[in-house]
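Spelled out, the chains give:
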Amino acid sequence: MKITSRFTVALHTLLVIYKFSPAQKTTSEFIAASVNVNPVVIRRTLLSLKAAGITDVKAGSGGASIIKDLKDVTMYDVYRAVECVDGDIFHFHESPNPACPVGKNIHDVLDGHLSDAQRAFENELKKVTLAELAAELDGITAK
């Protein structure tokens, strides 16, 4: 199962706001032009980020701003804010056959490994801040 694109759209959105505001009003239309999606997608993303206390959005065409310090926002915070997955990353197939020795024991074999993998993924996201992503972007765009 793939994580939805809401996660990367949210990170892209935040980096557009970082790069262009306050010199440019970062409206949903402006951000959508960079992300190459419909502005409605950006408005939904901004609402999720606002609910998480990461951004603020001015009504009308006032634009969006990041209200948390970039070093205090991790990729994990963004991941959780936009609810990329509901619960576990790995969705187990329904109703393994309990009469089969594999089906009967598949959860015992895989559940721990899948939980470890999800925890490792989330821990990696917690290591990277928006400040680090912004610095990487600045390094690339300065070339």
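None of the values given here were measured: they were computed from a predicted structure.

Cut-off values and rules
- Residues numbered from 1 in each chain as written.
- Predicted model: local features only at pLDDT ≥ 70, side-chain atom pairs only at ≥ 80, totals over all residues.
- Heavy atoms only, no water.
- pLDDT = per-residue confidence, 0-100.
- Helix = DSSP H or I, 4+ residues; strand = E, 2+ residues; numbered from the N terminus.
- Phe/Tyr/Trp six-rings, centres within 6.5 Å; stacked < 30°, edge-to-face > 60°.
- Buried < 20%, exposed > 50% of the residue type's maximum accessible area, 1.4 Å probe, protein only.

This part is about the confidence of the model for the protein. The predicted coordinates ought not to be read in detail in places where the model reports low pLDDT. Predicted confidence across the protein gives a mean pLDDT of 92, with 97% of residues reaching 70 or more. The spread of mean pLDDT over the elements of the protein runs between strand β1 (residues 55-58), the lowest at 94, and helix α1 (residues 6-20), the highest at 97.

Counted by the stated rule, this structure contains four aromatic pairs. Aromatic side chains F7 and Y79 sit 5.6 Å apart centroid to centroid with 80° between the ring planes, which places their arrangement in the edge-to-face category. Taken together, the residues span a long stretch of sequence, with F7 in helix α1 and Y79 in helix α4 (residues 75-81) at a distance of 72 residues. Assessed through its relative accessible area of 8%, F7 is described here as buried. Centre to centre, the rings of Y79 and F121 are 5.6 Å apart; their planes meet at 80°, and the pair counts as edge-to-face. Of this pair, Y79 sits in helix α4 while F121 sits in helix α5 (residues 101-126), placing them 42 residues apart in sequence. Taking the relative accessible area as the measure of exposure, Y79 reaches 1% and is therefore buried.

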